[in-house]
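Overview (structure and organization)
Read off the chains here:
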Amino acid sequence: GNLWIGSETAGLLKYNDKAALQSSVYNDRDNSTITSGWVLKILEQNDGSIWIATRNGTIYSGLNKFDPSTGNISPHPYTSLTSKEIWSNVCGLKDENKLLFDYRGQYSYLDLRTMQVRDALLDSILLKQKINSVVTDSEGTDWYCTTNGLYAWEGPDTDLHHFNLSGIHGGT
């Protein structure tokens, strides 16, 4: 398998079982390179596509789609995705085609097929949490890692389940 590593100056690094690293770095003269800044999130879709969120200074600078089979990167600077600065925290892939992010506690989805932003439909308890990451398992349950523990949610017509991690050794 591959190990994907995000960095500030070396961009996206790929390590596999060979003793070599491949790097994808920002080049301001080439609009087919990764967007500038730190690589903060690396998310893999079921088809193998890798989505990379970058941040330059205090703001996110872009979202990039990397195709490992071709080595091509499709950069999407955040200014091309929306008319205003709304990116604060990329939480993760809610399902195969929706990226969950927040800006000052307001959660939205980015549809990765159309690159359109819309408000996120979340349980009212989740809307009050700081969501650090989200993944959807093979059964369709969304798992939200928050500063207040772990939540499992199967959708709008189901109960939200909270797992308090503070009692687990090493939990905070």
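Above this text is the structure in question.
In this text the structure is predicted, and so the values were computed from the model without any measurement. (Residues numbered from 1 in each chain as written. Predicted model: local features only at pLDDT ≥ 70, side-chain atom pairs only at ≥ 80, totals over all residues. Heavy atoms only, no water.)

1. Digging into the pairing of strand β11 (residues 116-119)
Of the strand pairs in this sheet, strand β10 (residues 106-111) and β11 are connected by four bridges, and their pairing is antiparallel. Following the sheet pairing, D111 is matched in β11 by Q116. In sequence, β10 turns back onto β11 through a hairpin of four residues, with M115 there showing a positive phi of about 60°. (Pairing = 2+ DSSP bridges. Helix = DSSP H or I, 4+ residues; strand = E, 2+ residues; numbered from the N terminus.)

2. Thoughts on the sheet that holds strand β9 (residues 98-103)
The strand order across the open sheet formed by four strands is β8-β9-β10-β11, and the pairing between neighbours is antiparallel. Only two strands of the sheet have a single neighbouring strand rather than two, namely β8 (89-95) and β11. The sheet shows a mean angle of 30° between the axes of neighbouring strands, direction not considered. Relative to β9, β8 is paired through five bridges, and the arrangement is antiparallel. Directly across from V90, in β9, lies its bridge partner F101. (Axes fitted to C-alpha atoms, helices over the stretch in contact; angles between N-to-C directions.)

3. Section: a nonpolar patch on the surface
Nonpolar side chains collect at one region of the surface, where L3, I5 and Y15 lie side by side and expose about 250 Å² of accessible area between them. Judged by relative accessible area, L3 falls into the partly exposed class, the value being 48%. (Patch = residues over 30% accessible without salt bridge, like charges linked within 9 Å, V, L, I, M, F, W, Y side chains within 5 Å. Areas by Shrake-Rupley, 256 points an atom, 1.4 Å probe, with all protein chains shown as cover. Salt bridge = Lys/Arg side-chain N within 4 Å of Asp/Glu carboxyl O. Buried < 20%, exposed > 50% of the residue type's maximum accessible area, 1.4 Å probe, protein only.)

4. Quick notes on the environment of S124
Looking at where S124 falls in the secondary structure, it is placed in helix α2 (residues 124-127). Spatially, the C-alpha atom of S124 lies 9.7 Å from that of L160, the residues being 36 residues apart in sequence.

5. Focus on the side chain of K98
With respect to the helices, strands and loops of the structure, K98 is situated in strand β9. Assessed through its relative accessible area of 17%, K98 is described here as buried.

6. A few points about the nonpolar core
If you look at soluble globular proteins, the nonpolar side chains tend to sit buried side by side. Ranked by size, the top nonpolar core spans 13 residues in total, and within it L100, Y107, L122, L126, I131 and Y144 carry the most contacts. Mapped onto this core, the elements with two or more residues apiece are β10, β12 (131-136) and β14 (149-153). Ignoring any residue separated from it by four or fewer positions in sequence, one finds Y144 in contact with K94, L100, L122, L126, I131, S133, V134, G149, L150, Y151 and W153. Within the second largest apolar cluster, twelve residues are counted, among which are L43, V90, L99 and L110. (Core = buried A, V, L, I, M, F, W, Y, C linked by side-chain atoms within 4.5 Å. Contact = heavy atoms within 4.5 Å.)

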